[in-house]
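Observations on the three-dimensional arrangement
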Amino acid sequence: MDLRLLVQLGIIAFTFFMLINASALLVYAERKVMGFMQQRYGPYRVGPHGLLQPLADILKLLMKEELTPKGADRWLFTLAPILAVTAAFAAFATVPFGAETTLFGLLDEPVKLGVSDINVGVLVVFAITSMGVYGIVLAGWSSNSKYSLLGGLRSAAQMISYELSYATALSAVILLAGSLSLRETVDAQAGSWFGVIPRWYVFLQPVGFLIYMIAAVAETNRAPFDFPEAEQELVAGYNTEYSSVRFALFPQAEYINMTTAAAVATDLYLGGWHGPFLPPEYGWIWFLLKVGVILFAYIWVRWTVPRYRYDQLMQFGWKWLFPASVINLIVTAALVLYLNA
Amino acid sequence: MLETLVFYLLSGIAIVASALVVGQRNPMYSVLLIIASFGALAGLYIQLDAPFVAVAQIIIYAGAIMVLFLFVVMLLNAPQEDAADWDRAHPLRRPAIARFGSLLALLLVVELAWALISASGVDAPVAAGGVAPDIGSVRALGRVLFVDYVFAFEATSVLILVAMVGAVVLARRDDS
């Protein structure tokens, strides 16, 4: 078989494997960080410092009985978690995570680190992430339970509201980079101003970055915006009736979505794999570091900020975040037009 | 070869899903099938070298409009249609009206068949070389929308806004 094709398949398999790992590691990191913030140790028994805890969790979930409620819609009840996790995996397909590399001189011509590179990459990520809502909505509806239905409805309303701000914040970066390709956007951020400040868009788009991060937290249903599963009001929200593997797929989708959001933020705002000290061949180390920092911030926020009220969430989304992102877009567009003219 | 195979697969999904949309008794399934049909259409757009149109199809139709549909279906909790509950006395079920309706349906089938037969001799525009290669690109599309046809485009958006305001006015309850 063609060596290039083989390498590309290898990269795809590797990305898939890393995303599964990311969800397992994030569960561990979440519990560990939460533990430290609450002055506890967190998981400590399974493996050194509890590192094998996610493995034990997954094993336990696999052994559980799969229950389907009597009044549930069987087809959709099974389909919903599959949809959620498929959309989560597929969204990473156009996210590049490293510069061109020859894999330490193994190959004659360099390959691009990333599953695929198409010229509307940003939009593809956005499109597929927006499909993720179906998994949650269908899970809520097909369970035939009040709590699940309310969780699903809230999720749909929340995602539609925050998708707008999310997309508008992205558009400002697209304007700056002049390209819809994630790889070109990253490469536009190479180098530095005055030799000190890296040319990252976060310095040109601080407001946009903030809006993106807030909207991304809401998009992935994380605290303080985790209304679809607000446990005080809705038991567990859309996944109340789920058990075993089907249940496990929902948090997995959530953690993979978090990883994707962090990776896209790194590519669009933090210069992707560009950074000082390391040769471009090793840029993926910078990429992993930046993604790690954003993911830590995600967890940090979750265990620091209490949950909003539902009407506050809607008010904040429509009356503050969306107007702010539109103003940000207009100012950016005007400046780009003025400076390029 | 592979491309032709993918084309027939996607078209097959689109046609079968669209046909099933009408046949479902449960509106929830109808919504899901129409999403599947939209997804297949997006695949066809990609085959036509128009990735932007494909992504726009997913974002706008599958991602935004259908979520709204799903929302409404879920909120109304529309019951499953049942043949036993049909209203036999409904004015649309009178024989004369039913005959007129079936005549219209027949006409539609004839018209579709005629259109397909008369179009079969024409080459696809891309294959005939009559279209610029970047026709589906964002730049080309933006130019067409915001330069060449800007009046029609803006007029349409105003029209949609008017329709929206009208819907709000009609749906509002008088509190007096």
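Everything numeric in this text was worked out from a predicted model, so none of it was measured.

Examining the overall build of chain A
Within chain A, the secondary structure is distributed over twelve helices and four strands. By the compact-globule yardstick of 20 Å for 341 residues, chain A fits well, its C-alpha radius of gyration being 21 Å. On the principal axes, the C-alpha backbone points of chain A span a range of 60 × 50 × 45 Å. In chain A, buried positions account for 45% of the 341 residues.

Side note on the overall build of chain B
Secondary structure summary: chain B contains six helices and zero strands in total. Along its sequence from the N terminus, chain B presents helices and strands in the succession α-α-α-α-α-α. The buried share among the 176 residues of chain B stands at 13%. Residue pairs in contact within chain B that sit at least 24 positions apart in sequence constitute 53% of those at least 6 positions apart.

A short note on the interface of chain B and chain A
Each partner contributes residues to the interface: chain B has 13 residues there, and chain A has 17 residues. Here the side of chain B that touches chain A takes eleven residues from helix α3 (residues 51-76) of chain B, the largest share from any one element. Of the residues contributing to the side of chain B that touches chain A, the split by class is twelve nonpolar, one polar and no charged.

Remarks on the environment of Q252 of chain A
Residues and elements named next belong to chain A. Topologically, Q252 is positioned in helix α10 (residues 244-269). Judged by local crowding, Q252 falls into the buried class, with 24 C-beta atoms found within 10 Å. The spacing of Q252 and G272 is 20 residues in sequence and 24 Å in space, taken between C-alpha atoms. Leaving out residues up to four positions away in the same chain, Q252 has contacts with S23 and V85.

Examining the domain arrangement of chain B
According to the domain assignment, chain B contains domain 1 (1-80) and domain 2 (144-176). Each of domain 1 of chain B and domain 2 of chain B has a C-alpha centre, and the two are 25 Å apart.

A look at the confidence of the model for chain A
Of the residues in chain A, 95% have a pLDDT of 70 or more, and the chain-wide mean is 82. The secondary structure element of chain A with the lowest average pLDDT is helix α9 (residues 231-234) of chain A, at 68, and the one with the highest is helix α12 (residues 310-340) of chain A, at 88.

Examining the packing of helix α2 (residues 53-63) of chain A against α10 of chain A
When two helices pack together, their arrangement is given by the angle between the helix axes and by the axis-to-axis distance. All names here are of chain A. Two numbers describe how α2 lies on α10: the axes approach to 7 Å, and their chain directions differ by 140°. Relative to α10, α2 is oriented oblique. Contact residues: α2 offers I58, L61 and L62, while α10 offers S244, V245, F247 and A248. Across the contact of α2 with α10, the residue classes tally to six nonpolar, one polar and no charged.

What about the nonpolar core?
Inside soluble globular proteins, nonpolar side chains tend to come together where they are buried. Residues and elements named next belong to chain A. One finds A84, L123, A127, Y212 and A215 to be the most contacted residues of the largest nonpolar core, which totals 106 residues. Considering each element in turn, this core owes the most residues, 15 residues, to helix α4 (residues 121-142). In this structure, Y212 is in contact with Y166, A169, L170, A265 and Y269, ignoring residues within four places of it in sequence.

Some points on the environment of P96 of chain A
All names here are of chain A. In this structure, P96 sits in the loop between α3 (74-91) and β1 (98-101). Accessibility expressed as a C-beta count within 10 Å gives 26 for P96, which makes it buried. The contacts of P96, once residues within four sequence positions are left out, are K112, L113, G114, D117, L182, R183, V186 and D267.

Quick look at the packing of α4 of chain A against α10 of chain A
Residue and element names in this part refer to chain A. Viewed as axis vectors pointing N to C, α4 and α10 meet at an angle of 160°, and their least axial separation amounts to 12 Å. For the element pair α4 / α10, the angle class is roughly antiparallel. Taken as a pair, α4 and α10 cross one another with a handedness that is left-handed. Here V125, T129, G132 and G135 of α4 lie close against α10, whose contacting residues are A253, N257, T260 and V264.

Some words on the confidence of the model for chain B
Averaged over all residues, the pLDDT of chain B equals 80, while 80% of them reach at least 70. The ipTM for the predicted assembly is 0.75, set against a pTM of 0.81.

Concerning α3 of chain A
Residue and element names in this part refer to chain A. Helix length check: α3, at 18 residues, gives a terminal C-alpha distance of 27 Å against a target of 26 Å (1.5 Å per residue), a fit within 8%. When the local axis directions of α3 are compared, the greatest deviation, roughly 25°, occurs at A80, which is followed within four positions by the proline P81. Turning to α3, its buried residues are L76, F77, A80, P81, L83, A84, V85, A87, A88 and A91. Of the surrounding secondary structure, the elements contacted by the buried residues of α3 are α4 and α10.

Notes on the environment of M213 of chain A
Mapped onto the elements of the fold, M213 of chain A is located in helix α8 (residues 206-219). Between the C-alpha atom of M213 of chain A and that of Y298 of chain A, which follows or precedes it by 85 residues, the distance is 8.9 Å.

Cut-offs and rules
Residues numbered from 1 in each chain as written. Chains lettered and ligands numbered in written order. Predicted model: local features only at pLDDT ≥ 70, side-chain atom pairs only at ≥ 80, totals over all residues. Helix = DSSP H or I, 4+ residues; strand = E, 2+ residues; numbered from the N terminus. Rg over C-alpha atoms; globule rule 2.2 N^0.38 Å. Buried ≥ 20, exposed ≤ 12 C-beta atoms within 10 Å, placed from the backbone. Contact = placed C-beta atoms within 7 Å. Nonpolar A, V, L, I, M, F, W, Y, C, P; charged D, E, K, R; others polar. Domains from an automatic or database assignment. pLDDT = per-residue confidence, 0-100. Axes fitted to C-alpha atoms, helices over the stretch in contact; angles between N-to-C directions. Parallel < 35°, antiparallel > 145°, perpendicular 65-115°, else oblique. Core = buried A, V, L, I, M, F, W, Y, C linked by C-beta atoms within 7 Å. Left-handed = near helix turned anticlockwise from the far one by under 90°. Expected span 1.5 Å × (residues − 1). Bend = angle between axes of the 7 residues up to and from the residue.

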